[in-house]
Amino acid sequence: MNLLHRVEHWGDRHHPGWTDIIRIALGIFLCFRGLQFPMNMSTLLAELPPSLSGGPFALIVLGHYIFVAHLLGGILLIFGMYTRIACLIQIPILLGAIIFVNWNKDLFRPFPELIVSLIVLMLLFYFLITGNGKYTLETITGKEKER
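Residues numbered from 1 in each chain as written. Predicted model: local features only at pLDDT ≥ 70, side-chain atom pairs only at ≥ 80, totals over all residues. Heavy atoms only, no water.

Trainee: Would you mind going over the overall build of the protein with me for this structure?
Mentor: Helix and strand content of the protein: seven helices and zero strands. Walking the protein from its N terminus toward its C terminus, one meets helices and strands in the order α-α-α-α-α-α-α. Out of the 147 residues in the protein, the part that is buried amounts to 31%. In the protein, 76% of the contacts between residues at least 6 apart in sequence involve partners at least 24 apart. Within the structure as shown, the protein displays about 9,700 Å² of accessible surface, and the carbon and sulfur contribution to it stands at 73%. (Helix = DSSP H or I, 4+ residues; strand = E, 2+ residues; numbered from the N terminus. Buried < 20%, exposed > 50% of the residue type's maximum accessible area, 1.4 Å probe, protein only. Contact = heavy atoms within 4.5 Å. Areas by Shrake-Rupley, 256 points an atom, 1.4 Å probe, with all protein chains shown as cover.)

Quick look at the structure:
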């Protein structure tokens, strides 16, 4: 058994049921942020350093990737399907948000975006390791098929 299979097996066996509520809340939050992103895209583009921009087309592609990844990843996290893949497509977005967007802002504002981004990133790493959990759409449909 290689390392990936051992981590997956460990995550499936040591996943408490209450963390499924956190997974669903994280999915709802990511869907909300994904739907909110196109409305605030001009603000994001204004905050990016000028040396980072690779032209208008690259920024449009980046914006569409963030929108689709947040929306699709959030839906997958809500239903508990392909949780590890959903986390993998979210992690580069959160790393970019922490490094390029939120790092230069005031850390002690009410509800600072950097702390929220760090918490979401830690939760994504947690669910990347532990996986779906007990209450997912896959387990519900699997139990119905067995009956």
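Trainee: Just checking my understanding: could you explain unusual backbone geometry for this structure?
Mentor: Both trends apply: most residues other than glycine have a negative phi, and most peptide bonds are in trans. In this structure, tyrosine 82 is a non-glycine residue whose phi angle is positive, near 50°. With respect to the element layout, tyrosine 82 can be found in the loop between helix 4 (56–79) and helix 5 (83–101).

Trainee: Got a minute to help me understand helix 2 (residues 19–36) in this structure?
Mentor: Helical geometry note: an α-helix holds 3.6 residues per turn, so side chains three or four residues apart project in the same direction. End to end, helix 2 covers 25 Å across 18 residues, agreeing with the expected 26 Å (1.5 Å per residue, within 8%). By the burial criterion, the buried members of helix 2 are Thr19, Asp20, Arg23, Leu26, Gly27, Leu30, Cys31 and Gly34. Buried residues of helix 2, seen end-on, are gathered within an arc of 135° and therefore sit on one face of the element. (Expected span 1.5 Å × (residues − 1). Arc of directions from axis to C-beta.)

Trainee: What is the right way to look at helix 4 in this model?
Mentor: Given a rise of 1.5 Å per residue, 24 residues ought to cover 34 Å, and the 35 Å separating the end C-alpha atoms of helix 4 matches this to within 8%. Of all the positions in helix 4, only Leu59, Gly63, Ile66, Ala69, His70, Gly73, Gly74, Leu76 and Leu77 are classed as buried.

Trainee: I would appreciate a short explanation of the packing of helix 2 against helix 6 (residues 113–130) in the present structure.
Mentor: The description of two packed helices rests on the angle between their axes and on the distance between the axes. Direction vectors running N to C along helix 2 and helix 6 enclose 125°, while the axes themselves pass 11 Å from each other. In terms of their interaxial angle, helix 2 and helix 6 are classed as oblique. Handedness of the helix 2/helix 6 crossing: left-handed. Mapping the contact onto sequence places Thr19, Ile22, Arg23, Leu26, Phe29 and Leu30 in helix 2 and Val116, Val120, Leu123, Leu124, Tyr126 and Phe127 in helix 6. Looking at the contact of helix 2 with helix 6, its residues break down into 10 nonpolar, one polar and one charged. (Axes fitted to C-alpha atoms, helices over the stretch in contact; angles between N-to-C directions. Parallel < 35°, antiparallel > 145°, perpendicular 65-115°, else oblique. Left-handed = near helix turned anticlockwise from the far one by under 90°. Nonpolar A, V, L, I, M, F, W, Y, C, P; charged D, E, K, R; others polar.)

Trainee: Can you walk me through the packing of aromatic side chains in this structure?
Mentor: For any two aromatic rings, the description comes down to two numbers: the centre-to-centre distance and the angle of the planes. On inspection of all chains with the given rule, the structure shows one aromatic pair. Seen in terms of ring centroids, tyrosine 126 and phenylalanine 127 are 5.1 Å apart; in terms of plane orientation they differ by 75°. Their pairing is edge-to-face. A relative accessible area of 1% places phenylalanine 127 in the buried class. (Phe/Tyr/Trp six-rings, centres within 6.5 Å; stacked < 30°, edge-to-face > 60°.)

Trainee: What is the right way to read a nonpolar patch on the surface from this model?
Mentor: There is a patch of nonpolar side chains on the surface, built from Leu3, Val7, Trp10 and Ile129 and spanning about 380 Å² of accessible area. A per-element tally of the nonpolar patch places helix 1 (residues 3–13) first, with three residues. (Patch = residues over 30% accessible without salt bridge, like charges linked within 9 Å, V, L, I, M, F, W, Y side chains within 5 Å. Salt bridge = Lys/Arg side-chain N within 4 Å of Asp/Glu carboxyl O.)

Trainee: What is the right way to look at the nonpolar core in this model?
Mentor: Where a protein is soluble and globular, its nonpolar side chains tend to be buried together. In this structure, Leu26, Leu30, Leu77, Cys87, Val120 and Leu124 are the most contacted members of the largest nonpolar core, which totals 15 residues. Counting only elements with at least two residues in this core, the list comes to helix 2, helix 4, helix 5 and helix 6. Looking at this core, the element that brings in the most residues is helix 6, giving six residues. Excluding its chain neighbours within four sequence positions, the residues that come into contact with leucine 30 are His70, Gly74, Leu77, Gln90, Val120 and Leu124. By size, the runner-up hydrophobic cluster in this structure holds five residues, among which are Met41, Ile66, Ala69 and Ile93. (Core = buried A, V, L, I, M, F, W, Y, C linked by side-chain atoms within 4.5 Å.)

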